[in-house]
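The residues making up each chain are set out below.
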Amino acid sequence: NAIPTPQLNQTVLARYREYQRVYKRVYETNDPTELATVATDPLLTQVTKDVERTKAKGEIWRFTNISNARVYARAKDGMTVYVVDCVRTLSAYRFSAKTGKRIGGGTGGAYIHRSAVRYDGGTWKVAETVRDGKC
């Protein structure tokens, strides 16, 4: 039995929002371990490596994003759902992990992000995301 589309879309969007929350947290803590609960490769490896680079520089990122996601397509096999989102970054600041002092950043912009959310190991996880133009 196939899951009705509105229910499936709600589930996928809830998982996408959870990815956004975890993504924010892993940059604030420089600890990518929780990411595997909401992301899968290739995105999982990309973000993990980026967080590790940030940590190696002795930096922490804190940002505030407003998401307005919606489902726009579904793969024929039903195992991948595509989400489009206008992500508005209200602020993004870099801090020294050692001193806690702000060392960069500022107000952000708003960009379209297209993400593939894939059914993986019994749950939906974000597998890829591409930033497009401004929105």
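Residues numbered from 1 in each chain as written. Predicted model: local features only at pLDDT ≥ 70, side-chain atom pairs only at ≥ 80, totals over all residues. Heavy atoms only, no water.

The next subject is unusual backbone geometry. Residue Asp41 is joined to Pro42 through a cis peptide bond whose omega torsion reads 10 degrees. Despite not being glycine, Asn30 has its phi angle at roughly 55 degrees, a positive value. Looking at the element boundaries, Asn30 is found in the loop between helix H1 (5-29) and helix H2 (43-56). (Helix = DSSP H or I, 4+ residues; strand = E, 2+ residues; numbered from the N terminus.)

The next subject is the environment of Met79. With respect to the helices and strands, Met79 occurs in the loop between strand S2 (69-74) and strand S3 (80-96). For Met79, the residues in contact, after removing those within four places along its chain, are Val117, Arg118, Tyr119 and Trp124. (Contact = heavy atoms within 4.5 Å.)

Taking 1.5 Å of rise per residue, 25 residues should cover 36 Å, and H1 covers 36 Å from first to last C-alpha, within 8% of that figure. Within H1, burial applies to Leu8, Asn9, Val12, Leu13, Arg15, Tyr16, Tyr19, Gln20, Val22, Val26 and Tyr27. Those residues of H1 hidden inside the fold are in contact with H2, strand S1 (59-66), S2, S3, strand S5 (110-120) and strand S6 (123-134). The first or second residue beyond H1 is Asn30, which carries a positive phi of 55 degrees. (Expected span 1.5 Å × (residues − 1). Buried < 20%, exposed > 50% of the residue type's maximum accessible area, 1.4 Å probe, protein only.)

By definition, a disulfide links the sulfur atoms of two cysteines through a covalent bond. Considering all chains together, one arrives at 1 disulfide under this definition. Put simply, Cys86 and Cys135 are joined by a disulfide, and their sulfur atoms are 2.1 Å apart. The sign of the 85 degrees torsion about the S-S bond sets the Cys86-Cys135 disulfide as right-handed. Separated by 49 residues along the polypeptide, Cys86 in strand S3 and Cys135 in the segment after S6 bring together distant segments of the chain. A relative accessible area of 37% means that Cys135 is categorised as partly exposed. (Disulfide = S-S within 2.5 Å.)

Attention shifts here to the pairing of S5. Consecutive residues of a regular strand have side chains that alternate between opposite faces of the sheet. With 9 bridges joining them, S3 and S5 adopt antiparallel strand pairing. Its bridge partner lying in S5, Tyr82 is registered against Ala116. (Pairing = 2+ DSSP bridges.)

Turning our attention to the packing of aromatic side chains. Here the distance between the centres and the angle between the planes together describe a pair of aromatic rings. The full count for this structure, using the stated rule, is 6 aromatic pairs. A ring pair is formed by Tyr23 and Phe63, whose centres lie 5.8 Å apart and whose planes are at 55 degrees; its orientation type is tilted. Placement of Tyr23 in helix H1 and of Phe63 in strand S1 is noted, with a sequence separation of 40 residues between them. Here the aromatic rings of Tyr119 and Trp124 are separated by 5.2 Å at their centres, their planes lie at 65 degrees, and the arrangement is edge-to-face. (Phe/Tyr/Trp six-rings, centres within 6.5 Å; stacked < 30°, edge-to-face > 60°.)

These results come straight from atomic positions and should not be treated as a statement about function.
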